[in-house]
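Commentary on secondary and tertiary structure
Residue strings, one per chain:
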Amino acid sequence: MKQATHDFLRSLSIQRRVIYALFMREIITRFGRHNIGFLWLFVEPMIFTLGITALWTAMKSVHGSNLPITPFALTGYSSVLLWRNMPVRTIAAIPPNLSLMFHRNVRVLDIYLSRLLLEVVGATMSFIFLSILFISLGMVDPPEDLLKVVWGWTMLAYNGMSMALMIGPMSERSELVDKIWHPLAYLIFPLSGAAFIVEALPAEAQKYVLYIPMVHGLEYLREGYFGSRFHAIHDLDYMAIVSTVMLIIGLLQMRIVARQVVPE
Amino acid sequence: MDAVLRSPADGLTGSQDPDSRAVSMKDVEKTYPIHHGSVTVFTGVNIDIRFGEKVGILGRNGAGKSTLIRLISGTEQPTRGKVTRTMSVSWPLALGGGFQGSLTGIDNVRFISRIYGLDPAQAIDYVKDFSELGKYMNEPVKVYSNGMRARLAFAISMVVDFECFLIDEVIAVGDQRFREKCQTELFERRADRAMIVISHDPDFVRTHCDRAVVIHDKRLHEFPALDEAYSFYHEHIA
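Described in the following lines is the structure provided in the data block. The structure displayed is predicted, hence computed values, not measured ones. (Residues numbered from 1 in each chain as written. Chains lettered and ligands numbered in written order. Predicted model: local features only at pLDDT ≥ 70, side-chain atom pairs only at ≥ 80, totals over all residues.)

**A word on the overall build of chain B**
Scanning chain B from terminus to terminus reveals seven helices and nine strands. Buried residues in chain B amount to 42% of all 238 residues. For chain B, the proportion of contacts with a sequence separation of at least 24, taken over those separated by at least 6, is 68%. (Helix = DSSP H or I, 4+ residues; strand = E, 2+ residues; numbered from the N terminus. Buried ≥ 20, exposed ≤ 12 C-beta atoms within 10 Å, placed from the backbone. Contact = placed C-beta atoms within 7 Å.)

Rendered as structure tokens:
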């Protein structure tokens with residue numbers, strides 16, 4: 001038992017080391033050392049979110065509700081960054097990293113986790129900076145319940161990572177996955193809750209939209225941000241179950257892929 | 001200029017008793033998928049290599065020598081059977097493997113130090129000194145010549161204090177002087193370690209190995225002495 005604990009702790013420390021090494025390497029290969037370097041990590045998503053927020057704020061009348069449009073756009077588009085880019089980072093992530101897998105301790109899971117961690121950090125920093133910016137400019141009221149915001153965000157990140165960990169290993173087994181994901185991501189985008197609140201939809205549409213896991217996390221996040229302005233509809237248990245099932249499918253796929261990897 | 005950068009002996013399981021340090025393969029089989037069906041490289045491989053042993057691997061081109069070394073290192077997983085490591089085993093020291101071409105020499109050293117838990121600053125100093133790459137350490141590895149790449153590869157692999165080195169034809173690189181330097185670094189300074197060597201040069205194997213195995217017809221043939229291994233090799237293969 002003591003030996004098992006000892007082995008587990010050592011494995012954990014190796015994995016922590018490997019993921020850190022991959023994380024740092026990923027920053028350098030993706031952003032380089034030129035101009036603002038790794039700041040692109042969150043400047044890029046910030047530009048996206050700013051653009052969308054500006055656009056939606058300008059079109060405020062279209063929505064015709066008393067929703068605060070700026071925090072609505074900010075939460076909506078920030079959350080999209082949490083799920084849409086993650087599978088893009090895990091799809092076909094193994095071939096360019098094959099030379100690193102020469103080192104026994106660099107495993108498929110580590111490559112995925114380091115890339116996803118980078119996505120989460122980038123999206124989170126972008127969300128936090130923009131929130132602080134808008135709040136200090138008086139364009140957005142501070143969140144009504146910060147803990148709910150944090151928890152909603154965490155759930156969205158968990159859901160995005162689980163989905164990416166399912167899609168990534170699948171893409172190693174079939175090239176179709178890559179082809180299908182891009183149109184699928186476009187289709188999910190309008191359904192993910194970024195551009196609507198569930199309450200505003202007809203009852204019939206609500207039923208179907210609530211099958212999409214991201215909707216629940218986003219509704220919860222918005223409840224934390226400006227919950228007094230609308231009635232949030234969510235079921236985080238459902239979201240957690242769907243995410244966990246995706247994660248398990250992903251880990252099972254990864255076992256198969258990891259056995260077949262042939263480093264260069 | 002000694003590689004004193006001791007890494008936590010990872011990849012180890014069980015006791016640290018020196019006599020039990022070994023790599024062992026039990027009933028190992030490796031197959032690869034090909035266009036139609038699959039191809040078996042070898043099957044029923046059983047071998048134990050202990051700390052301090054020097055073993056040569058012989059076989060014709062494509063027999064599976066590099067595959068065997070990759071399985072021993074844990075770079076690839078066996079299709080069947082089990083590979084157990086109770087000593088720290090290097091990655092296969094082969095030409096070109098283990099690098100990111102878009103990263104500079106220094107970033108590659110940094111990456112490897114992080115993976116193996118070494119101090120990057122110390123490792124960079126050692127590699128700079130040993131590889132004699134000078135200002136090229138700040139250039140991406142993809143612009144290196146083959147010789148430069150091999151020098152970097154060798155220097156990096158000397159940074160981690162492995163108990164078993166896997167050598168895949170890598171020593172035959174660089175000019176005479178650098179080869180000699182590598183020989184000294186590996187076979188003299190680390191003479192107590194285990195080494196598993198692939199080489200088509202019989203003189204090299206005879207100089208550095210105590211025994212050899214031959215891969216032939218999907219089987220691994222073990223011989224206690226080099227002469228027996230070579231007579232089998234000449235009889236069946238070349």
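**Observations regarding the overall build of chain A**
Check the secondary structure of chain A and you find ten helices and zero strands. When the helices and strands of chain A are placed in sequence order, the string is α-α-α-α-α-α-α-α-α-α. For 264 residues, the compact-globule estimate of 2.2 N^0.38 gives 18 Å, and the C-alpha radius of gyration of chain A, at 20 Å, lies within 12% of that figure. The dimensions of chain A, computed from C-alpha atoms along their principal axes, are 55 × 45 × 45 Å. Expressed as a percentage of its 264 residues, the buried residues of chain A come to 41%. By sequence separation, contacts in chain A at least 24 residues apart represent 77% of the contacts at least 6 residues apart. (Rg over C-alpha atoms; globule rule 2.2 N^0.38 Å.)

**Looking at the interface of chain B and chain A**
Contacts between the two partners involve 21 residues from chain B and, on the opposite side, 24 residues from chain A. Ranked by residue count, the leading element in the side of chain B that touches chain A is helix 2 (residues 105-115) of chain B, at four residues. Counted by class, the side of chain B that touches chain A contains six nonpolar, eleven polar and four charged residues. (Nonpolar A, V, L, I, M, F, W, Y, C, P; charged D, E, K, R; others polar.)

**Here's the deal with the nonpolar core**
In this structure, Leu156 of chain A together with Ile57 and Ile196 of chain B are the most contacted members of the largest nonpolar core, which totals 126 residues. No other element matches the 13 residues that helix 6 (residues 146-173) of chain A contributes to this core. Residues contacting Leu156 of chain A, with those up to four places away along its chain left out, are Ser79, Leu82, Trp83, Met214, Gly217, Leu218 and Leu221 of chain A. (Core = buried A, V, L, I, M, F, W, Y, C linked by C-beta atoms within 7 Å.)

**Let's talk about the sheet that holds strand 2 (residues 38-50) of chain B**
All names here are of chain B. Ordered in space as 2-1-4, the three strands form an open sheet in which the pairing is antiparallel. Where the open sheet ends on each side, the last strands, each with one partner, are strand 2 and strand 4 (80-85). Neighbour to neighbour, the strand axes of the sheet diverge by 20° on average, direction disregarded. With five bridges connecting them, strand 1 (residues 22-33) and strand 4 associate as antiparallel partners. Opposite Met25, over in strand 4, you have Val83 as the bridge partner. Contacting strand 1, strand 2 and strand 4, helix 1 (residues 65-73) runs over the sheet at an angle of about 125° to strand 1. (Pairing = 2+ DSSP bridges. Axes fitted to C-alpha atoms, helices over the stretch in contact; angles between N-to-C directions.)

**Structural notes on the environment of Glu119 of chain A**
Residues and elements named next belong to chain A. Topologically, Glu119 is positioned in helix 5 (residues 108-136). Residues Glu119 and Met161 lie 42 residues apart in sequence; the distance between their C-alpha atoms is 9.4 Å. Every residue in contact with Glu119, bar those within four places of it in the chain, is listed here: Asn85, Met86 and Arg89.

**Things to note about the pairing of strand 8 (residues 211-216) of chain B**
Residues and elements named next belong to chain B. The pairing of strand 3 (residues 54-58) with strand 8 spans four bridges and is classified as parallel. Pairing of Val55 across the sheet is with Arg211, part of strand 8. Sheet topology note: the strand 8/strand 9 (residues 219-223) ladder contains five bridges and is antiparallel. Paired with Ile215 across the two strands is Leu220, which belongs to strand 9. The loop that links strand 8 with its antiparallel partner strand 9 comprises two residues; one of these, Asp217, has a positive phi angle of about 55°.

**Things to note about unusual backbone geometry**
In most cases, non-glycine residues show a negative phi, while peptide bonds are predominantly trans. The backbone phi angle of Ala92 of chain A is positive, close to 55°, even though this residue is not glycine. Mapped onto the elements, Ala92 of chain A comes out in the loop between helix 4 (69-90) and helix 5. With phi around 55°, Glu132 of chain B is a residue other than glycine that occupies positive phi space. Among the secondary structure elements, Glu132 of chain B is positioned in the loop between helix 3 (120-131) and helix 4 (146-159).

**Observations concerning the sheet that holds strand 8 of chain B**
All names here are of chain B. The sheet built from six strands is open, its strands ordered 5-6-7-3-8-9 with mixed pairing. Of all the strands in the sheet, just strand 5 (89-93) and strand 9 have a single pairing partner and so form its edges. Shown here is a sheet whose adjacent strand axes are inclined to one another by a mean of 15°, direction ignored. Of the pairings in the sheet, the one linking strand 3 to strand 7 (residues 194-198) comprises four bridges and is parallel in character. Looking at strand 7, one finds that Gly56 is bridged to Val197. Running over the sheet, helix 1 touches strand 3, strand 5, strand 6 (164-168), strand 7 and strand 8 and is turned about 150° from strand 5.

**Focus on the environment of Pro33 of chain B**
Within the secondary structure layout, Pro33 of chain B lies in strand 1. For Pro33 of chain B, a count of 9 C-beta atoms within 10 Å gives the class exposed.

**What about the environment of Pro87 of chain A?**
By secondary structure assignment, the location of Pro87 of chain A is in helix 4. When the C-alpha positions of Pro87 of chain A and Met161 of chain A are compared, they lie 8.0 Å apart, and in sequence the two are 74 residues distant.

**Side note on the packing of helix 3 of chain B against helix 4 of chain B**
Residues and elements named next belong to chain B. Orientation of helix 3 relative to helix 4, taken along the N-to-C sense of each, is 140°, at an axis distance of 9 Å. Here helix 4 runs oblique to helix 3, going by the angle between their axes. Pair helix 3 / helix 4 crosses with right-handed handedness. Together, Ala123, Tyr126, Val127, Phe130 and Ser131 of helix 3 and Arg151, Leu152, Ala155, Ile156, Met158 and Val159 of helix 4 make up the contact between the two elements. The class makeup of the residues in the contact of helix 3 with helix 4 is nine nonpolar, one polar and one charged. (Parallel < 35°, antiparallel > 145°, perpendicular 65-115°, else oblique. Left-handed = near helix turned anticlockwise from the far one by under 90°.)

By themselves, these are just geometric observations and shouldn't be taken as functional.
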